[in-house]
Structures are given as structure tokens and as C-alpha cells.
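# Survey of secondary and tertiary structure
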Amino acid sequence: MRRSIYLRPIGFVPRPAGEDLDETSMGVSLAGSNLAFTGLEVIERYGKSVERQCIALSEFFERDWGRHTMPASDLLEAMREPRGRLKGVSLDRPRIMGIVNVTPDSFSDGGKLGSVQAAVAHALELEAMGADILDIGGESTRPGAALVPVEEELSRVLPVLKALREKTDALISIDTRKAPVMAAAAEAGVDIINDVSALTFDPDALKVAAETRLPVMLMHAQGDPETMNDEPVYQDVVLDVFDFLEKRIFACEAAGIPKSRIIADPGIGFGKHLHHNIAVLASMSLYHGLGVPLLLGASRKKLIGQLCNVELATERVPGSIAAALSSISQGVQIVRVHDVSETKQAICVWQAALFGDEDAVI
Ligand code: PT1
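So, how was this worked out
Residues numbered from 1 in each chain as written. Predicted model: local features only at pLDDT ≥ 70, side-chain atom pairs only at ≥ 80, totals over all residues. Heavy atoms only, no water. Buried < 20%, exposed > 50% of the residue type's maximum accessible area, 1.4 Å probe, protein only. Helix = DSSP H or I, 4+ residues; strand = E, 2+ residues; numbered from the N terminus. Contact = heavy atoms within 4.5 Å. Near = heavy atom within 4 Å. Polar contact = N/O pair within 3.5 Å; in protein donor to acceptor, adjacent residues only side chain to side chain. Areas by Shrake-Rupley, 256 points an atom, 1.4 Å probe, with all protein chains shown as cover. Nonpolar A, V, L, I, M, F, W, Y, C, P; charged D, E, K, R; others polar. Pairing = 2+ DSSP bridges. Axes fitted to C-alpha atoms, helices over the stretch in contact; angles between N-to-C directions. Parallel < 35°, antiparallel > 145°, perpendicular 65-115°, else oblique. Left-handed = near helix turned anticlockwise from the far one by under 90°.

### Considerations on helix H7 (residues 205–212)
For an α-helix, 3.6 residues make a turn, and residues three or four places apart therefore share a direction. The complete set of buried residues in H7 reads Ala205, Val208, Ala209, Ala210 and Thr212. The inward-facing, buried residues of H7 contact helix H6 (179–187), strand E8 (192–195) and strand E9 (216–219). Where H7 ends, the next residue or the one after it, Arg213, has phi of about 60°, a positive value.

Encoded structure:
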């Protein structure tokens, strides 16, 4: 059954953590964090028609939502519920995932990380800059990228994962769509599985991921990387992405992966044109209704080039920081970035300015 009501938290304000403030006037704490939302965009979908209205929390609590009452209160509860730790790392403040591409054709690191040592050194450098998670990927999934055979992918990432595991206690994620890579990576001691197909690409992925007992990152994509941006089709991209992620969370739960081990990501640039990407960015906070921590990856992506007329991916750092900050200010827990120290500096200043706290370390 298709969901017919969606709630998007809006009107974010800083909220002293743990203080018992009146929710109607001071806002509801988002996912146990020190950000609170003071309003809601109520979105009703009837087949092809979608109606949106923004209201204050007080009005939301006063109105009779009829047949939407239960789904609406479930969504509100999912937004409010504090998120658990991710392998010991608390998610009540923003976290940075640093990108380590172990591919000869990487879209912005351009094959610089040709060797295992270079990849490991790059990962450790990102950790020193403040990355909480190191995301290791051996198959490019950027638009137009071709499939990498499983043996090739394994030979790229396994030596890096093994060497890196010896050298760091930071969280390591494996960016893969393939069950054998997930299994081998788990064996090598990775902490998280990051699958841009939300465990749909490989028929064994759901079962294998469940067996590893690792947390999984489920990302929305429409189509395969090679052709996904040719002709993406949505009724309403923001809501269709929500429905997809909700379904994948159900599928995971059915396979034995509890919600406490799931992170959701709307997949910027995956089967999405510029207007789709912008709509998703602008509505990021909607996805808190999924009841799991959120991840956003917009770093150096094409939408930034399109918005600001920047041809070179390496020159899209300021725009990437803006995308990261805008999602963090909507409560997104993890940003996946190339430029860790720049992003960290931006988050630090944003936190200090918003919460008035110079010790607001991230
Ligand atoms: C992502 C992501 C990822 N992105 C997660 N994993 C990539 N969880 C790889 C472009 O438009 O957002 N979330 N793993 C990289 N993919 C792309 C897609 C790179 C689009 C570039 C573009 O330029």
C-alpha cells in the first residue's frame, strides 16, 4: 500500500539538549539531537495529485487528521526517536564520511590512488583531518560508469581494507553492491556496508549483509550507473524516494537487519536530473520520518557544476560544503565528502554560530 501522508520537519532552531521544554512552543527535538523543528510541511498524496501545506506544530497537534491520524503520529515519533550509536559512534551531532576511491577511473581523484599504500595513506590522512568514517570503494558508480567484475573489485579493495584495518580504529565502510565483496570485507574487519543499490543489485546481498550483522547504508538510485541519468522518471521524486527507502527498510527488517543497523541516503546524482537533485536537497528533512539516521553525498557532484557553472569536479569544493551544511542544518547525521578538513571547518563554525558554543566540537 502506498503511503498517503508524509511529514517534513521545518523551522529548525537550536535546542538545549536534554532540557524539558514545551514542545509545542519550543519545538520537538529531532532524532535526539540539539536541533528542534517548530513546524511541519504536511504532504498528502492522492494518486498523481500532491498537496503540500506548511503549518506550525501547535496547529498540527490541534487538528483532527482523520484517517491520517495513526500514520502521522508514527511519522512524528520516528522523527523524534533518538538514533542509536553507529558502531559506538554517537549520531547526535554531525559526522563526516571521507571518500577513498580505489579505482583507476575515479571521478575526481583521477587515478592518483594507484597503489594500496597510496589508498591507505589517503584514508589515514582523511582520518587525521577529522573523518569519522572512511568509505572505501573499488567500483565507480558515477553516471556512465561500467560494471566492474567481482574479482577485479575484490583485488582492488581487499588489500586496502586489510592494511587499513591494521592501522586505524576509525570506522571503515565498504562501498559495494556485490555480496562476495561484502562478505570478504566483513571478514577483513570493516564496520559498515554502503550499498548504492540498497541491497537490490546482487540477489544475495540482503542475505549476506544480514549474516555479517554489520550496519548497512541503503541508498536510493533509479536504474544502473551506466544509463541511470538518461531518462529518470518519477511521479514526485521526493516522495518516490521516501517510498523506496521505506520499502528497503522493511525488506531489511524481514531479512533480519533491524532498524538500529540501517542508515538511509536519497542518492544525489543517481538517476536524477538537476531539478530532481534540488528537490531532494531542499526536502532532506522529510527522510527523518524513516526513523533511521540519514546520509547525504553531494560532494563535487555534477549538480554543483550545473548550478554554479563549474566544469571541474575539483573546483566544486565550496558548493559541496554548502550542500553538506544545508543538509546538516536539516538534521542529517552523516555527510559523505572528499574534502574532509574544509567540511569540518565549515561545520565547526556553523555549530558555534548556531549554538553559541565554542566547544561544540564535531
Ligand atoms: C552517495 C554515493 C555513494 N555517491 C552513498 N554512497 C557515490 N551512500 C558513491 C555526479 O552527478 O551519494 N551515497 N557512493 C558517487 N556517485 C556519484 C554520483 C558521483 C553522481 C558523481 C555524480 O557527478
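Structure shown, so let's carry the discussion forward.
### Section: the site of the ligand
Taken together, 15 residues are adjacent to the ligand, and Asp175, Asn194, Asp265, Lys301 and Lys302 come closest. Asp175 places a polar side-chain atom, nitrogen or oxygen, 2.8 Å from a nitrogen atom of the ligand. Within the side chain of Lys301, one N or O atom sits 2.7 Å away from an oxygen atom of the ligand. When isolated, the ligand has an accessible area of 500 Å², and the protein chains bury 94% of it. Here the residues of the shell around the ligand are counted per class, giving 5 nonpolar, 4 polar and 6 charged.

### Topic: the sheet that holds strand E12 (residues 334–337)
With respect to topology, 8 strands assemble into an open sheet ordered E10-E9-E8-E7-E6-E5-E12-E11, the strand pairing being parallel. Among the strands making up the open sheet, the edge pair consists of strand E10 (262–265) and strand E11 (295–296).

### Describing unusual backbone geometry
The backbone of Lys87 shows a phi angle near 45°, a positive value even though the residue is not glycine. Residue class for Lys87 comes out partly exposed when judged on its relative accessible area of 41%. Of note, Arg300 is a non-glycine position whose phi angle comes to about 60°, a positive value. Considering the arrangement of structural elements, one finds Arg300 in the loop between E11 and helix H10 (302–308). Judged by relative accessible area, which is 9%, Arg300 ranks as buried.

### A word on the packing of helix H5 (residues 150–167) against H6
Across the interface, H5 lies against H6 with an axial gap of 10 Å and an inter-helix angle of 20°. By the angle class used here, H5 and H6 are roughly parallel. Crossing of H5 over H6 shows right-handed handedness. Seen from H5, the contacting residues are Val150, Glu153, Leu154, Val157, Leu158 and Leu161; seen from H6, they are Pro180, Val181, Ala184 and Ala185. Among the residues making up the contact of H5 with H6, the classes are represented as 9 nonpolar, no polar and 1 charged.

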